[in-house]
Amino acid sequence: MKILITGASGLLGRSVFKQLYSNPAFTVAGTAFSRVDENLIHLDLSDSDAVKTCLQEIKPDVVIHCAAERWPDRCAENPDTAWQLNVSSTELLAKQCSEIDAQLVYISTDYVFDGTAAPYSSDDIPNPVNFYGRSKRAGEEAVLKNANHWVLRLPWLFGPVACLEESGITALLDTLREQKPVTLDHWAVRFPTSVEEVAEVLEQCLLKICCNTKFEGIYQWSGDTACTRYELAHIIAEACELRADHISADSEPNFSVPRPYNCQLDKSRLTDLGIQGKEPLKQQLARNLKPFIGN
């Protein structure tokens, strides 16, 4: 099976590329725009001709679309840029994948829901509360116009990072190490999810597709630990043997851009297929943060 991964230099894309590239069942190529190395193809996803040429040259069976603007505040500040990447480029890619009979896997978000009625199944009606969620929902709709494509919704992601600020989760390590009084959100419930685990989940899905299991519509994956940002800081402190007594909790929603309260995703559509993760959250966090301890 030939796989093409967009956004292969990003937080999620790197782990997906690494996981699938190591499996001899797959031939894998990846694209990037601003962070291109010798293993990746430079591709501007807004360039219709370039996208068409890339697809015709690679001839992928499956395209995993990881490229996205994933920061809600940046989406609100630059809505046109975010819409171009999350929606317009997605619509273009979905159409061109259909033309070469390639299946598109669109990475979406739990923020398509308003957070008032968790847990959410894959067929619950979305109602995003911010521009980021609206853009990702519009991307889903563009993809699902073609029955051969499918969507994978994910929540708050972390994993191997080039710098701690690449994920809001790993960035909490600096908050802990600075030992300065700080107040963290203790209102919004989140489900931290490892990109390495997502990569393993996608690998399991693709292997099932190789064995003629049909994937269509919307699927969801999530870590199992519910926590606020304040609670997560304490989990990280315990995993990394750091103090957290300088951190206080803010139990009221206090965001410049609205956030949903609790968007817990029901992942039973995948677990019913036998797809599973392997590692508890604390172990995942410790392994990914260990390289930064002492730095």
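For the structure, check the block above.
Residues numbered from 1 in each chain as written. Predicted model: local features only at pLDDT ≥ 70, side-chain atom pairs only at ≥ 80, totals over all residues. Heavy atoms only, no water.

### Quick word on the nonpolar core
Note on soluble globular proteins: their nonpolar side chains tend to be buried together.
Working step 1: In this structure, Ile5, Ile64, Leu152 and Leu232 are the most contacted members of the largest nonpolar core, which totals 56 residues.
Working step 2: Broken down by element, this core gets its largest block of residues, eight residues, from helix 7 (residues 195-210).
Working step 3: Other than its neighbours up to four places away in sequence, Ile5 contacts Gly13, Val16, Phe17, Leu20, Val28, Ala29, Gly30, Thr31, Ile64 and Cys66.
Working step 4: If you look at the next biggest cluster of nonpolar residues, it comprises 19 residues, including Leu4, Ala94, Cys97 and Val143. (Core = buried A, V, L, I, M, F, W, Y, C linked by side-chain atoms within 4.5 Å. Buried < 20%, exposed > 50% of the residue type's maximum accessible area, 1.4 Å probe, protein only. Helix = DSSP H or I, 4+ residues; strand = E, 2+ residues; numbered from the N terminus. Contact = heavy atoms within 4.5 Å.)

### A few points about helix 4 (residues 79-99)
Working step 1: Between the first and last C-alpha of helix 4 there are 29 Å, a value that for 21 residues agrees with the 30 Å anticipated at 1.5 Å per step.
Working step 2: The sharpest bend along helix 4 measures roughly 35° and falls at Leu85.
Working step 3: Along helix 4, the residues that are buried comprise Ala82, Asn86, Val87, Ser89, Thr90, Leu92, Leu93, Ala94, Gln96 and Cys97.
Working step 4: Residues of helix 4 that are buried in the fold lie against strand 1 (2-6), helix 2 (48-58), strand 4 (62-65), helix 3 (72-77), strand 5 (103-109) and helix 5 (131-144).
Working step 5: Two residues or fewer after helix 4 comes Asp101, characterised by a positive phi angle close to 60°. (Expected span 1.5 Å × (residues − 1). Bend = angle between axes of the 7 residues up to and from the residue.)

### Considering the packing of aromatic side chains
Working step 1: Scanning the entire structure with this criterion turns up nine aromatic pairs.
Working step 2: The interplanar angle of 40° and the centroid separation of 4.9 Å between the aromatic rings of Phe215 and Tyr219 together place this pair among those described as tilted. Summarising the burial analysis for this pair, Phe215 and Tyr219 share the class buried.
Working step 3: Here a set of aromatic residues connected by ring pairs shows up, and it is made of Trp150, Phe215 and Tyr219.
Working step 4: The aromatic ring of Trp221 is capped on one face by Lys267, whose charged end is 4.2 Å from the ring centroid. (Phe/Tyr/Trp six-rings, centres within 6.5 Å; stacked < 30°, edge-to-face > 60°. Lys NZ or Arg CZ within 6 Å of the ring centre and 35° of its normal.)

### A short note on the sheet that holds strand 4
Working step 1: Read across the sheet, seven strands follow the order 3-2-1-4-5-6-10 without closing on themselves; strand pairing throughout is parallel. Since the sheet does not close on itself, it has two edges, and those belong to strand 3 (40-42) and strand 10 (217-220), each with one partner. For this sheet, the mean inter-axis angle between neighbouring strands, taken without regard to orientation, is 25°.
Working step 2: Sheet topology note: the strand 4/strand 5 ladder contains four bridges and is parallel. Bridging across to strand 5, Val62 finds its partner in Gln103.
Working step 3: Set on the sheet, helix 4 makes contact with strand 1, strand 4 and strand 5; between it and strand 5 the angle comes to about 160°.
Working step 4: Sitting on the sheet, helix 7 touches strand 1, strand 4, strand 5 and strand 6 (150-154), and the angle it makes with strand 6 is about 160°. (Pairing = 2+ DSSP bridges. Axes fitted to C-alpha atoms, helices over the stretch in contact; angles between N-to-C directions.)

### Some remarks on the pattern of salt bridges
Working step 1: All chains considered together, the criterion is met by 14 salt bridges.
Working step 2: Glu91 serves as the salt-bridge partner of Lys145, at 3.4 Å between the closest nitrogen and oxygen. Taken together, the residues span a long stretch of sequence, with Lys145 in the loop between helix 5 and strand 6 and Glu91 in helix 4 at a distance of 54 residues.
Working step 3: Judged by its relative accessible area of 66%, Lys145 is exposed.
Working step 4: Here Glu91 falls in the partly exposed class, since its relative accessible area comes to 37%.
Working step 5: We note a salt bridge from Arg137 to Glu141, for which the minimum N-O separation is 3.6 Å. Of this pair, Arg137 and Glu141 both sit in helix 5, four residues apart, which is roughly one turn of the helix. (Salt bridge = Lys/Arg side-chain N within 4 Å of Asp/Glu carboxyl O.)

### Digging into the pairing of strand 4
Working step 1: Judged by which residues are buried, strand 4 turns out to be covered on both faces: Val62 and Ile64 on one side and Val63 and His65 on the other are all buried.
Working step 2: In this sheet, strand 4 lies alongside strand 1 in parallel orientation, the contact comprising four bridges. By the bridge assignment for strand 4, Ile5 is matched with Ile64.

### Quick look at unusual backbone geometry
Outside of glycine, negative phi angles account for most residues, and trans bonds account for most peptide bonds.
Working step 1: Pro119 follows Ala118 through a cis peptide bond whose omega is 0°.
Working step 2: Along the chain, Pro119 turns up in the loop between strand 5 and helix 5.
Working step 3: Residue Lys59 is not a glycine yet carries a positive backbone phi of 55°.
Working step 4: Residue position: Lys59 is located in the loop between helix 2 and strand 4.
Working step 5: Taking the relative accessible area as the measure of exposure, Lys59 reaches 56% and is therefore exposed.
Working step 6: At Asn212, a position not held by glycine, the phi torsion is positive, near 75°.
Working step 7: Note that Asn212 resides in the loop between helix 7 and strand 10.

### Here we look at helix 7
Working step 1: The end-to-end C-alpha distance of helix 7 is 22 Å, a good match for the 22 Å that 16 residues give at a rise of 1.5 Å each.
Working step 2: Restricting attention to buried positions, one finds in helix 7 the residues Val195, Glu197, Val198, Ala199, Val201, Leu202, Glu203, Cys205, Leu206 and Ile209.
Working step 3: At the N-terminal boundary of helix 7, the capping side chain belongs to Ser194, with an oxygen 3.1 Å from the backbone nitrogen of Glu196. (Polar contact = N/O pair within 3.5 Å; in protein donor to acceptor, adjacent residues only side chain to side chain.)

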